[in-house]
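One-letter residues, chain by chain:
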Amino acid sequence: MSVQTSDAAALQRPFSPRVDGQTLLLSLLLALIAFLVLTPLFLLLLNSFQIGKPGGAIVYSLDGWRQAFSSMGIVDAVYNSFSLAITRQIIATVIGIFLAWLLARTDIPMKKGLEFLFWLSFFLPALPVTLGWILLLDPKYGLLNQLIAKLPFIQAPPFDIYSYWGIIWVHLATTGISLKVMLLTPAFRNLDAALEESSRVAGAGSIRTLLRIIVPVMMPVILVTTILGLIRSLEAFEIELVLGVPIGLHVFSTKIHSFVTHEPPQFPPATALGTFFLLMLLGLVALQRLYLGRRSYTTITGKSFSTRPISLGPWKYPLFALVLLIALSVTFLPISFLLLGTFMKLFGFFNIKDPFTLDNWRGVLSDPILVRSLKNTLLLGFWSAGIGVVFSSVVAYVIVKSKFKARAVLDFLSWLPWSIPGILLGMALLWTFLLIHKIVPIYGTMGALVLAMAISGFPVCVQVMKSFLMQLSDELEEASMVAGASWLTTYRRIVLPLILPCLIVVGLLEFISAARNISTVVLLATGQTRPLSLLMLDYAAGAELERATVVATVIVAIVVLAALGARSLGGQFSIRG
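In this text the structure is predicted, and so the values were computed from the model without any measurement. All chains use their own residue numbering, which begins from 1 and follows the written sequence. Side-chain atom pairs in this predicted model are given and counted only at pLDDT of 80 or more, local residue features only at pLDDT of at least 70, and totals for whole chains, interfaces and linings cover all residues. Heavy atoms throughout the structure, all of them, feed into the side-chain values; hydrogens and water do not.

Whenever I open this one, the overall build of the chain confuses me. Can you help?
Secondary structure is summarised from DSSP: a helix means a run of H or I of at least four residues, a strand means a run of E of at least two, and numbering begins at the N terminus for each. When you go through the chain residue by residue, the secondary structure sums to 25 helices and 0 strands. A buried classification covers 51% of the 577 residues belonging to the chain. Total accessible area on the chain stands at roughly 26,800 Å², and carbon and sulfur atoms take up 69% of it. Burial classes: relative accessible area under 20% of the type maximum marks a residue as buried, over 50% as exposed, and values in between as partly exposed (1.4 Å probe, protein chains only). Per-residue and other accessible areas follow the Shrake-Rupley method at a 1.4 Å probe size, with only the shown protein chains counted as cover for residues.

What am I meant to see in the pattern of salt bridges here?
Salt-bridge detection follows one rule: a side-chain nitrogen of Lys or Arg within 4 Å of a carboxyl oxygen of Asp or Glu. This model, assessed by the stated rule, comprises 4 salt bridges. Put simply, Arg 362 and Asp 359 hold a salt bridge, and the shortest N to O gap is 2.7 Å. Placement of the pair is Arg 362 and Asp 359 together in helix H17 (residues 359–365), with a separation of 3 residues, close to one helical turn. Since its relative accessible area comes to 51%, Arg 362 is described here as exposed. What makes Asp 359 partly exposed here is its relative accessible area of 46%.

Just to check I follow, could you spell out empty space enclosed by the protein for this structure?
If a probe the size of a water molecule is rolled over the atoms, the empty space left behind becomes visible. The definitions used throughout rest on a 1 Å grid laid over the protein atoms alone, on which a cavity is an enclosed set of points accommodating a 1.4 Å probe that cannot get out and a pocket is an open set flanked by protein within 12 Å on both sides along at least five of seven lines; lining residues are those having an atom within 4 Å of a point. Grid points are joined across faces, edges and corners, and a volume is the space filled by probe spheres set on the points. Under the definition given, this model contains 2 cavities of 30 Å³ or more. Going through the elements one at a time, helix H22 (474–482) and helix H23 (487–516) are the ones with two or more residues in the lining of the largest cavity. With 3 residues, H23 is the largest single contributor of residues to the lining of the largest cavity. Looking at the lining of the largest cavity residue by residue, the classes come out as 5 nonpolar, 1 polar and 2 charged. Under the scheme applied, nonpolar residues are Ala, Val, Leu, Ile, Met, Phe, Trp, Tyr, Cys and Pro; charged residues are Asp, Glu, Lys and Arg; polar residues are all the others, including Gly.

Sorry if this is basic, but what is going on with the packing of aromatic side chains here?
Each aromatic ring pair is summarised here by two numbers: the centre-to-centre distance and the angle between the ring planes. In summary, the pairing rule links any two rings of Phe, Tyr or Trp, Trp by its six-membered ring, whose centres are within 6.5 Å, and it sorts them by plane angle into stacked for under 30 degrees, edge-to-face for over 60 and tilted for everything else. Counted by the stated rule, this structure contains 9 aromatic pairs. Geometrically, the ring pair formed by Trp 65 and Phe 69 is stacked, given 6.2 Å between the ring centres and 20° between the ring planes. Separated by 4 residues within a single helix, Trp 65 and Phe 69 lie in helix H3 (residues 63–70), roughly one turn from each other. Among the residues examined, Phe 69 registers a relative accessible area of 36% and is labelled partly exposed.

It is not clear to me how unusual backbone geometry should be interpreted in this structure. Could you clarify?
The general pattern is negative phi for most residues beyond glycine and trans for most peptide bonds. One non-glycine residue, Met 110, adopts positive backbone phi at about 50°. Positionally, Met 110 belongs in the loop between helix H4 (74–105) and helix H5 (111–123). Classification of Met 110 as exposed rests on a relative accessible area of 55%. At Asp 354, a position not held by glycine, the phi torsion is positive, near 45°.

Could you clarify how one ought to interpret the packing of helix H2 (residues 21–47) against helix H18 (residues 368–401) in this entry?
What describes two packed helices is the angle between their axes and the distance between those same axes. Helix axes use the C-alpha atoms of the stretch in contact, all axes being lines fitted to C-alpha atoms, and the angles between their N-to-C directions lie in the range 0 to 180 degrees. At a minimum axis distance of 12 Å, the contact between H2 and H18 shows a crossing angle of 120°. By the angle between their directions, the pair H2 and H18 is classed as oblique. Where H2 crosses over H18, the two elements pack in a sense that is left-handed. Listed contacts from H18 to Leu 26, Leu 29, Leu 32 and Ile 33 of H2 are Phe 391, Val 394, Val 395 and Val 398. Any angle that is under 35 degrees is reported as roughly parallel, and any over 145 degrees as roughly antiparallel; angles of 65 to 115 degrees are reported as roughly perpendicular and all others as oblique. Crossing handedness is read from the near helix: turned anticlockwise from the far helix by less than a right angle, it gives a left-handed crossing, and turned clockwise, a right-handed one. Contacts between residues were defined by any pair of non-hydrogen atoms, one from each residue, lying within 4.5 Å.

Is there a simple way to explain the nonpolar core in this structure?
Across soluble globular proteins, you tend to see nonpolar side chains buried next to one another. Only buried residues count toward a nonpolar core, which is a set of Ala, Val, Leu, Ile, Met, Phe, Trp, Tyr and Cys residues joined through side-chain atoms within 4.5 Å. Within the largest apolar cluster, 164 residues are counted, with the highest numbers of intra-cluster contacts made by Phe 118, Phe 123, Phe 188 and Ile 499. Looking at this core element by element, the count peaks at 15 residues for helix H21 (residues 446–469).

Help me out: how do you make sense of helix H15 (residues 316–330) in this one?
Look at H15: 22 Å from first C-alpha to last across 15 residues, which is about the 21 Å you get at 1.5 Å a residue. Within H15, the full set of buried residues consists of Leu 319, Phe 320, Val 323, Ala 327 and Val 330. In an axial view of H15, the angular spread of the buried residues amounts to 105°, which keeps them on one side of the axis. Facing away from the buried side of H15 by over 90 degrees, the exposed positions are Tyr 317 and Leu 325. Here, expected helix span is obtained from the residue count minus one, scaled by 1.5 Å. Regarding the arc, it is the one traced by the directions from the helix axis to the C-beta atoms.

Looking at this model, I keep getting lost on the environment of Leu 241. Mind explaining?
Structurally, the position occupied by Leu 241 is in helix H12 (residues 238–244). Excluding residues that lie within four positions of it along the chain, Leu 241 makes contacts with Pro 246, Thr 254 and His 257.

Would you take a moment to explain the confidence of the model for the chain for this structure?
For residues with low pLDDT, the predicted coordinates do not support detailed interpretation. Of the residues in the chain, 88% have a pLDDT of 70 or more, and the chain-wide mean is 79. A score between 0 and 100, pLDDT records how confident the predictor is in each residue. Within the model, pLDDT remains below 50 along residues 572–577, and this stretch shows 13 contacts once partners closer than five positions in the same chain are excluded.

Looking at this structure, I do not really get the side chain of Thr 254. What am I missing?
Summarising the element assignment, Thr 254 is placed in helix H13 (residues 252–260). Between N or O atoms, a polar contact is any pair within 3.5 Å; within protein, one atom must be a potential hydrogen donor and the other a potential acceptor, and residues adjacent in sequence are included only when both atoms are from side chains. Of the polar contacts made by the side chain of Thr 254, one reaches the backbone nitrogen of Val 251; its length is 2.9 Å. Not counting residues up to four positions away in its chain, the partners in contact with Thr 254 are Phe 237, Glu 240, Leu 241 and Val 245.

Is there a simple way to explain the packing of helix H8 (residues 164–189) against helix H11 (residues 219–234) in this structure?
Relative orientation of the contacting elements H8 and H11 amounts to 165°, with a least axis distance of 10 Å. The angle between H8 and H11 places the two elements in the roughly antiparallel class. In this structure, H8 crosses over H11, and the sense of that crossing is right-handed. The residues of H11 that touch H8, namely those facing Lys 180, Leu 183, Leu 184 and Ala 187, are Val 221, Ile 222, Thr 225, Thr 226 and Leu 228. When the residues that make up the contact of H8 with H11 are grouped by side-chain class, the tally is 6 nonpolar, 2 polar and 1 charged.

Is there a simple way to explain the environment of Ala 385 in this structure?
Relative to the helices and strands, Ala 385 is located in helix H18. Each C-alpha atom, one on Ala 385 and one on Val 450, is 9.2 Å from the other, the two residues being 65 residues apart in sequence. Apart from the residues within four sequence positions on either side, Ala 385 is in contact with Gly 507, Glu 510 and Phe 511.

Would you take a moment to explain the side chain of Asn 517 for this structure?
Tracing the chain through its elements places Asn 517 in the loop between H23 and helix H24 (532–541). A residue is classified by how much of its surface remains accessible, and Asn 517, at 13% relative accessible area, is buried. Looking at Asn 517, its side chain comes within polar contact range of the main-chain nitrogen of Thr 520, at 3.0 Å. Residues in contact with Asn 517, not counting those within four places in the same chain, are Met 453 and Ser 533.

Shown next, in the form of structure tokens:
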């Protein structure tokens, strides 16, 4: 009788969905991320159909799309974008896997020092490094070409930096290979050596073990780094602008830049190309999710864990020499020529009388704008890194570890900022800040730049955190919970120590990205908020390349110091067997 009464009462109660505190917090997080990510994208899409002049009447039309895809050279630009991106990703992925495996899983000497050299390569700003390679490989005055041309059997300079393969080389030497090593080496290091030992017991050699065991197990990290690299390659700008445009080789980003810098600026076709770019990259995101969705890649569990290195035998020192040569070629060589450029009276001309001087350093260091720009750079870097670490770790944890029903939507949103070239993201944020200026007067402040860089770097931070969290077995947290620990205690005592090296990497990536970024902040910065990267651009745009290299050297010094600190801290918290 009592059961019937209870059932009747339940039927009489109006339906009211139960929302607990955790679901409410996660929903608020989803709403915040959606607002920050979707607002600039919506404005980007909307303005691709808006052909009215800025400040004038709003007129919607398809003319922007027609103009974008009927412009001269657009087909070649699409082909060049994909051809360059895919070619260098194939080369960088193969080399990066091999280098990461050598550094993380073998007994190669000085592995920490070698790994740090690749980190250093990634930190170097692309624009001045490109200028350094021009000093070496220019077909007319490049030093390396001149030296090789003196050999009796050489008839002409062998290298031409202004070419398809010149662009490929500079990309590989700047961030192409180093990004793979940075992201893959920590993941390779966390692989249980029992897998390799089992393979060797079964009779497989080191290379066969690498290809048949390690690469398949590491596939989520490899796939993430490949897609991240492919997306970044598709939106590459500075190197193509300097090396490709002089020979008529355009890509997506340089076509967009040509529309934006056209007089008068042609924003509708620029935003139309950006929107098309967005749709293509959404396909890449969907491909990545489809591939990873039904697979398990756990490599760190609560069971025994071993990281014993593999002996390279007689190949130990030859391979060490090869890795050292690659590391020095992507670090010492461009840094040397970057420094050399700071002392030149006339950039690139070694044959003039007394070609070197200290006046470039005296002029830049006595400029009060340098001090203000340095302060702005440090503020931008630290705030962007702090916000990036907090947001990316929370979002990645929710996506990988929680049962939140909308975590797939959260994962999808975290990818979207990568689909917008920096110049268009800055433009979309500019419109957003102007729209809300009367309510939130953020335009013209350092907060606008920090928010822009936090959004810009959000995808890579989340993906790096995700790939690391996917390797942590749920058994670790379950065992802690069974022992009576709360979720907060489990996170602080179990999860945080394990992910701390990854958090440091994420913070460093954000700091470096903020310190050297140009395209995202160039439309948002004012005279009072300009960072060093824009001061470098000002000098370069004013044909003061010698002073530009001085500012670039200061940026490199800042990021190298940050790298040293991060490596020192990260080494204390590595996962050990």
